[in-house]
Amino acid sequence: MRNSQDTTIAAIATARGAGGIAIVRISGPAAEDILRRLFAPAGGHGGPFESHRLMYGRAVDADGAPLDEVMAVLMRAPRTYTREDVAEIHCHGGSVSAESVLSRALALGAHMAAPGEFTRRAFMNGRIDLSEAEAVMQLITAGSEAAARASVRQLEGGVSGFVRRVCGELTDVMALLEASTDFPEEVEEEAAAEDVARRLNACIGEIRARCDERGARLLREGASIVLAGRPNVGKSSLMNALLCQDRAIVTDIPGTTRDVLTERVRIGGIVAELSDTAGQRDTADPIERIGVDRARRAADTADVVLAVIDASEPLSAEDAAFLRGADARTLVCLNKSDLPARITAREVEAMTDAMVLEMSASSGHGIPELVAELERRVAVTGEADGLLTARRHLDLARDAERALSAAVSSIEAGMPLDTAAIDIREALERLMEITGENATEAVIDRVFASFCVGK
Ligand SMILES: Nc1nc2c(ncn2[C@@H]2O[C@H](COP(=O)(O)OP(=O)(O)OP(=O)(O)O)[C@@H](O)[C@H]2O)c(=O)[nH]1
Ligand SMILES: [Mg+2]
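Computed from a prediction, not measured in an experiment: that's the story for all the values here. (Residues numbered from 1 in each chain as written. Chains lettered and ligands numbered in written order. Predicted model: local features only at pLDDT ≥ 70, side-chain atom pairs only at ≥ 80, totals over all residues. Heavy atoms only, no water.)

Enquirer: Can you help me understand the overall build of the chain in this one?
Expert: Broken down by element type, the chain carries 16 helices and 13 strands. Relative to the compact-globule value of 23 Å for 455 residues, the chain shows a C-alpha radius of gyration of 30 Å, a clear excess of over 25%. C-alpha atoms of the chain, sized along the principal axes, occupy 85 × 80 × 35 Å. Relative to its full complement of 455 residues, the chain shows a buried share of 49%. Considering only contacts within the chain whose residues lie at least 6 apart along the sequence, 66% involve residues at least 24 apart. By element, 52% of the accessible surface of the chain is carried by carbon and sulfur atoms, the whole surface being about 21,300 Å². Distance from the positive charge centre (51 side chains) to the negative charge centre (72 side chains) of the chain: 5 Å. (Helix = DSSP H or I, 4+ residues; strand = E, 2+ residues; numbered from the N terminus. Rg over C-alpha atoms; globule rule 2.2 N^0.38 Å. Buried < 20%, exposed > 50% of the residue type's maximum accessible area, 1.4 Å probe, protein only. Contact = heavy atoms within 4.5 Å. Areas by Shrake-Rupley, 256 points an atom, 1.4 Å probe, with all protein chains shown as cover. Lys, Arg positive; Asp, Glu negative; His and termini not counted. Charge placed at Lys NZ, Arg CZ, Asp CG, Glu CD.)

Enquirer: Got a minute to help me understand helix α14 (residues 391-412) in this structure?
Expert: One full turn of an α-helix is made of 3.6 residues, so residues set three or four places apart face in the same direction. Given a rise of 1.5 Å per residue, 22 residues ought to cover 32 Å, and the 31 Å separating the end C-alpha atoms of α14 matches this to within 8%. Of the residues one or two after α14, G414 is the one with positive phi, at around 80°. (Expected span 1.5 Å × (residues − 1).)

Enquirer: Is there a simple way to think about the pattern of salt bridges in this case?
Expert: One side chain can pair with another of opposite charge once the charged atoms of both are near each other. Tallied over the full model, the rule gives 38 salt bridges. Here E32 ties to R76 by a salt bridge, and the two come within 2.9 Å at their closest N and O atoms. One end of the pair, E32, is in helix α1 (residues 31-38); the other, R76, is in the loop between β5 (66-75) and β6 (86-92), and 44 residues separate them in sequence. The class of R76 is partly exposed, set by a relative accessible area of 26%. Note that R121 and E84 form a salt bridge whose closest N and O atoms lie 3.0 Å from each other. Placement of the pair is R121 in helix α3 (residues 117-124) and E84 in the loop between β5 and β6, with a sequence separation of 37 residues. Judged by relative accessible area, R121 falls into the buried class, the value being 2%. If you follow the salt bridges from partner to partner, you end up with R208, E213, R391, D395, R398 and E401 in one network. (Salt bridge = Lys/Arg side-chain N within 4 Å of Asp/Glu carboxyl O.)

Enquirer: In this structure, what is going on with the site of ligand 1? I would like to understand it.
Expert: Not every one of the 23 residues close to ligand 1 is listed here, only the nearest: K235, S237, G255, T257 and D338. In this structure, G279 approaches ligand 1 through a main-chain N or O atom, which is 3.2 Å from an oxygen atom. Considering each element in turn, the shell around ligand 1 owes the most residues, three residues, to helix α9 (residues 235-243). Of the residues that constitute the shell around ligand 1, the class distribution is seven nonpolar, 12 polar and four charged. (Near = heavy atom within 4 Å. Polar contact = N/O pair within 3.5 Å; in protein donor to acceptor, adjacent residues only side chain to side chain. Nonpolar A, V, L, I, M, F, W, Y, C, P; charged D, E, K, R; others polar.)

Enquirer: In this structure, what is going on with the coordination of the magnesium ion (ligand 2)? I would like to understand it.
Expert: For a metal bound by four donors in a tetrahedral arrangement, the ideal donor-metal-donor angle is 109.5 degrees, while six donors in an octahedral arrangement ideally sit at 90 or 180 degrees. Surrounding the magnesium ion (ligand 2) are the protein donor atoms S236 (OG) and T257 (OG1), at 2.0 Å. Note that S236 is positioned in helix α9 and T257 in the loop between α9 and β9 (261-267), a separation of 21 residues in sequence. Just as S236 is buried, T257 falls in that class too. (Donors = N, O, S within 2.8 Å, 3.2 Å for Na, K, Ca; no water.)

Enquirer: Please explain a negative patch on the surface as it appears in this structure.
Expert: Residues E188, E189, E190, E194 and D418 make up a contiguous surface patch of negative charge. If one sorts the elements of the negative patch by residue count, helix α7 (residues 189-210) sits on top with three residues. Tracing the backbone through its elements, the reader meets E189 in helix α7. Residue classification places E189 among the partly exposed positions, given a relative accessible area of 40%. (Patch = residues over 30% accessible without salt bridge, like charges linked within 9 Å, V, L, I, M, F, W, Y side chains within 5 Å.)

Enquirer: What should I look at first to understand the nonpolar core in this one?
Expert: Burial of nonpolar side chains together is a common tendency in soluble globular proteins. L170, L200, I207, L404, I424 and L431 are the most contacted members of the largest nonpolar core, which totals 37 residues. Those elements giving two or more residues to this core turn out to be α6 (158-182), α7, α14 and α15 (417-435). Setting aside chain neighbours within four positions, we find L404 in contact with L170, L200, C203, I204, I207, I424 and A427. Membership of the second largest hydrophobic core comes to 32 residues, among which are V233, A248, V308 and L331. (Core = buried A, V, L, I, M, F, W, Y, C linked by side-chain atoms within 4.5 Å.)

Enquirer: Looking at this structure, I do not really get the packing of aromatic side chains. What am I missing?
Expert: The description of an aromatic ring pair rests on the distance of the ring centres and on the angle between the ring planes. Under the counting rule described, the total for this entry stands at three aromatic pairs. Seen in terms of ring centroids, F123 and F448 are 6.2 Å apart; in terms of plane orientation they differ by 40°. Their pairing is tilted. Linking F123 in helix α3 with F448 in helix α16 (residues 441-449), this pair joins segments that are 325 residues apart in sequence. Like F123, the residue F448 is buried in the burial classification. Grouping aromatic residues by their ring pairs yields a cluster made of F123, F448 and F451. The ring centre of Y81 lies 4.8 Å from the NZ or CZ of R25, which sits over that ring. If you follow K455 out to its NZ or CZ, it ends over the ring of Y81, 4.4 Å from the centre. (Phe/Tyr/Trp six-rings, centres within 6.5 Å; stacked < 30°, edge-to-face > 60°. Lys NZ or Arg CZ within 6 Å of the ring centre and 35° of its normal.)

Enquirer: Whenever I open this one, the state of the cysteines confuses me. Can you help?
Expert: Here a disulfide denotes one covalent bond, and it connects the sulfur atoms of two cysteines. For the structure on display, the rule yields zero disulfides. You can see C91 has no disulfide; the closest cysteine sulfur is in C452, sitting 18 Å from it. Here C244 is not cross-linked by a disulfide; its sulfur's nearest cysteine counterpart is in C333, at 15 Å. (Disulfide = S-S within 2.5 Å.)

Enquirer: Help me understand the environment of G234, please; the structure alone is not making it clear to me.
Expert: Here G234 is to be found in the loop between β8 (223-228) and α9. With sequence-adjacent residues up to four places away left out, G234 is seen in contact with V308, N335 and K336.

Enquirer: Could you clarify how one ought to interpret the side chain of T352 in this entry?
Expert: With respect to the element layout, T352 can be found in the loop between α12 (345-349) and β13 (355-358). Setting aside residues no more than four positions away along its own chain, T352 makes contact with L323, A326 and V332.

Here you go:
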């Protein structure tokens with residue numbers, strides 16, 4: 001990695017393609033000098049640029065010929081994204097203008113920025129910690145409102161605050177342990193051990209409360225909801241009703257759907273993948289059989305399985321088998337409530353612990369209730385308290401939790417207190433890796449490698 005003290009970097013910060021404006025960003029000690037040489041403010045005043053003030057003028061090439069009509073701003077350190085001098089040139093969108101301004105900045109001595117290098121400089125210069133830097137990228141790639149909210153909270157120090165608090169407590173505990181090993185005559189060992197174990201258990205509790213693996217996965221990847229049931233019960237019709245569009249083919253021929261058909265929907269502030277599947281039945285048709293297998297696999301890994309039953313027909317052996325296989329993920333959809341009923345919700349409820357909802361894909365009756373129940377099931381609880389959402393953070397927090405549990409066990413087994421100290425130090429190191437205080441260059445490289453250029 002270049003030494004960020006001496007080099008100046010530049011990149012196009014906006015997405016490629018046609019758009020209203022494109023922004024070239026420059027950061028480093030030469031930012032002001034480069035801006036002066038490639039930007040001519042309207043009115044041609046020769047004085048120093050005022051910091052943090054947007055100026056109108058032209059970007060010019062080496063001969064002073066105009067490249068584009070632009071807005072430019074110089075932001076002097078330290079009140080900037082990187083804590084270095086930063087210049088931004090707002091060009092017209094599309095690829096040509098920003099590319100030519102960027103080329104000019106590079107010709108004037110800037111280096112092309114590596115992916116995430118601006119944010120890396122913000123981290124290196126101590127403006128943000130590693131978890132906050134990661135939040136920037138999570139926010140850019142968030143697929144739902146809930147994921148974006150969690151990223152903003154992390155960006156505002158939600159994760160860092162939690163790490164700092166637990167590390168502070170563990171550092172205090174370490175001091176207590178050191179006192180009891182250094183001055184054994186002054187510390188009552190048994191009372192100290194009890195106090196340490198109690199405080200470590202409190203830290204373990206706090207870490208566990210942040211590690212909701214399911215919630216984190218739902219935020220990162222969204223929930224998967226699978227429509228399943230025997231042929232012709234109305235799975236594809238319900239898919240279309242939930243998507244509010246005519247997506248899946250619906251016919252009165254059993255076995256219409258052959259493959260798994262997946263669409264993204266927004267439910268309860270998170271993104272969900274809703275899948276329609278082939279009707280479950282024994283079949284000699286090899287293509288349909290593959291579809292039936294795929295349907296089973298999709299249902300096996302889903303967060304919510306919508307087990308669809310046709311209420312206008314007597315319960316079949318396949319329906320009964322389906323109800324027997326119901327688990328906590330299952331929601332029974334008793335469809336075709338607009339037709340005369342051959343099965344009632346009460347009869348189905350008697351056969352399963354799963355919730356049963358009556359509905360009609362044709363008339364829309366019961367669909368809002370189905371959506372509300374789906375929202376309830378895929379909603380992420382605890383996010384307001386700063387759930388850890390990044391895989392890296394969860395793994396480190398789990399390692400820390402394991403080390404602390406080992407410390408508590410050794411104290412409870414009556415081992416000397418300095419044995420526990422080794423585990424507590426291990427936990428401290430893992431936690432500090434989350435915020436980057438104790439992260440190796442390799443870890444930092446890995447984090448920033450996933451960034452886009454210009455951020
Ligand atoms: N009256 C009524 N008919 C429905 C309802 N839902 C679906 N149907 C009809 O039932 C038939 C089968 O619907 P589909 O949605 O194709 O059923 P499916 O479960 O996807 O069937 P496969 O793809 O064969 O497994 C069609 O003729 C639909 O119009 C409903 O709520 N009420
Ligand atoms: Mg279908």
